[in-house]
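Structural overview for review
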Amino acid sequence: MPRDLRALPKANLHLHLTGSMRPSTAAELAAHYDLPPLPAVPIEPGVVHGWDAFQARYDTARAAVRSSDDIARVVREAVEQDGADGVGWTELQVDPTAYAGWLGSLEAVVEALLDAARDLPVGVILAASWGADPEHAERIARIAVKYAPEGVLGFGLSNDERRGQVRAFVPAFRLVAEAGLARVPHAGFYAGAWHVRECVELLGATRIGHGLTAIQDPSVVALLAERQVALEVCPTSYPPFGVTPAPEVLPALLADGVPVALATDDPLLFGVGMVGQYEVARQVCSDAGLAAIAATSVRASNAPDLLKRRLLDGIQSWLGE
Ligand SMILES: [Zn+2]
């Protein structure tokens, strides 16, 4: 009998607010606001999509999240969904920009998120888009710092990395670094290993969203291993875009000492939760390897120390050690 992946304690370090929605919740909220139903989700298997097709679906789903009650519901359900898959700690990444129009301001979105997250095993990471004006990114970074005492854990850059220049975001990342917050840009999804290097060296990334193209350059792999910058690998996010599939590169990254955590990214669009991500990795990893990945996800998280210890103990028990 293979070990039950649901029983393996783990952290989900890469999850977007809208993308975390249950399809039924997305449909209900769309109906509530008299919006057209979502286009077919999840993304069709076996079809390679351009980024724009994905973004259009994402934007359609996001248009149905309009109030602090909606945000509270989505956060609560994301934690429930993750919890059912053995996730003991979730980090939700949110670009407040698109919701600010409905809630009144960027700050109001952040306050709604923090209210929703209170007393749940979930942390909030703010993000700007790679396509954003760097000054806007700086504004969000400043808000991340302002709300750090209330629970904001870090700052990231999401969306298609080809839309921005790494160097332009240095000031935003400097602000969050000075405040000691996590720096978690998406990188190395489409762009090559150089992009991962620049995010580590110029932005001081403490983790990288995706980053699988690092494998193209041994010196970038070595950099990640040396600085212990974890990759948030989301196995079901790559085939729909025809980029490097995770099972092809995971064994080499792990063998070279790169910390790897598995995460879900956008279950609403890809149709797969946390256990499904570990199932993909199981094609190339032993149970000991999967336990090591789960342990990395916990160590690379911003979870409270006591919770981290409990999850790490649970991982050892899962392996029977
Ligand atoms: Zn993402």
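First things first, this report covers the structure right here in the doc.

Next up on the list: the packing of helix H1 (residues 23-32) against helix H3 (residues 68-84). Packing of H1 against H3 brings their axes to within 11 Å, and their N-to-C directions diverge by 170 degrees. In terms of axis orientation, H1 runs roughly antiparallel to H3. Within the contact between the two elements, H1 uses Thr25, Glu28 and Leu29 and H3 uses Asp70, Arg73, Val74 and Glu77. The residue inventory of the contact of H1 with H3, partitioned by class, reads two nonpolar, one polar and four charged.

As a further point, take the coordination of the zinc ion. For the zinc ion, every protein donor is listed as His14 (NE2), His16 (NE2), His186 (NE2) and Asp265 (OD), and the spread of their distances is 2.1 to 2.4 Å. Angles of 84 to 170 degrees at the metal separate the four donor atoms of the zinc ion, which places the site in the irregular class. Mapping the donors of the zinc ion onto the primary sequence gives the spacing H-x1-H-x169-H-x78-D. Within this pair, whereas His14 is found in strand E1 (residues 10-16), its partner His186 is found in strand E6 (residues 186-187), the two being separated by 172 residues in sequence. The buried category is assigned to His186, whose relative accessible area is 5%.

Glancing now at the environment of His32. Counting through the fold element by element, His32 comes out in helix H1. In this structure His32 comes out as exposed when scored by relative accessible area, which is 58%. Taking the C-alpha atoms as reference points, His32 and Ala64, separated by 32 residues in sequence, lie 8.3 Å from one another.

The next point concerns the sheet that holds strand E2 (residues 87-94). Sheet architecture is open: five strands sit in the order E1-E2-E3-E4-E5, paired in parallel fashion. Only two strands of the sheet have a single neighbouring strand rather than two, namely E1 and strand E5 (182-183). Judged from the five bridges that link them, E1 and E2 form a sheet pairing that is parallel. Pairing of Leu15 across the sheet is with Leu92, part of E2. Across the face of the sheet, helix H7 (residues 170-178) comes into contact with strand E4 (152-158) and E5 while running at roughly 160 degrees to E4.

Before going further, it helps to spend a moment on the packing of aromatic side chains. Applying the stated criterion across every chain, the model contains six aromatic pairs. Measuring from ring centre to ring centre gives 5.7 Å for Phe189 and Tyr238, while their planes differ by 50 degrees; the resulting arrangement is tilted. Placement of Phe189 in the loop between E6 and helix H8 (193-201) and of Tyr238 in the loop between strand E8 (230-233) and helix H10 (246-255) is noted, with a sequence separation of 49 residues between them. Its relative accessible area of 8% is what places Phe189 among the buried residues. Of the residues examined, Tyr238 reaches a relative accessible area of 1% and is grouped as buried. Here Lys10 stacks its cationic end above the ring of Tyr278, 5.5 Å away from the centre of that ring. Between the NZ or CZ atom of Arg66 and the centre of the ring of Tyr33, over which it lies, the distance is 5.0 Å.

The rules behind each value
- Residues numbered from 1 in each chain as written.
- Predicted model: local features only at pLDDT ≥ 70, side-chain atom pairs only at ≥ 80, totals over all residues.
- Heavy atoms only, no water.
- Axes fitted to C-alpha atoms, helices over the stretch in contact; angles between N-to-C directions.
- Helix = DSSP H or I, 4+ residues; strand = E, 2+ residues; numbered from the N terminus.
- Parallel < 35°, antiparallel > 145°, perpendicular 65-115°, else oblique.
- Contact = heavy atoms within 4.5 Å.
- Nonpolar A, V, L, I, M, F, W, Y, C, P; charged D, E, K, R; others polar.
- Donors = N, O, S within 2.8 Å, 3.2 Å for Na, K, Ca; no water.
- Tetrahedral: all angles 85-135°; square planar, octahedral: opposite > 155°, others 65-115°.
- Buried < 20%, exposed > 50% of the residue type's maximum accessible area, 1.4 Å probe, protein only.
- Pairing = 2+ DSSP bridges.
- Phe/Tyr/Trp six-rings, centres within 6.5 Å; stacked < 30°, edge-to-face > 60°.
- Lys NZ or Arg CZ within 6 Å of the ring centre and 35° of its normal.

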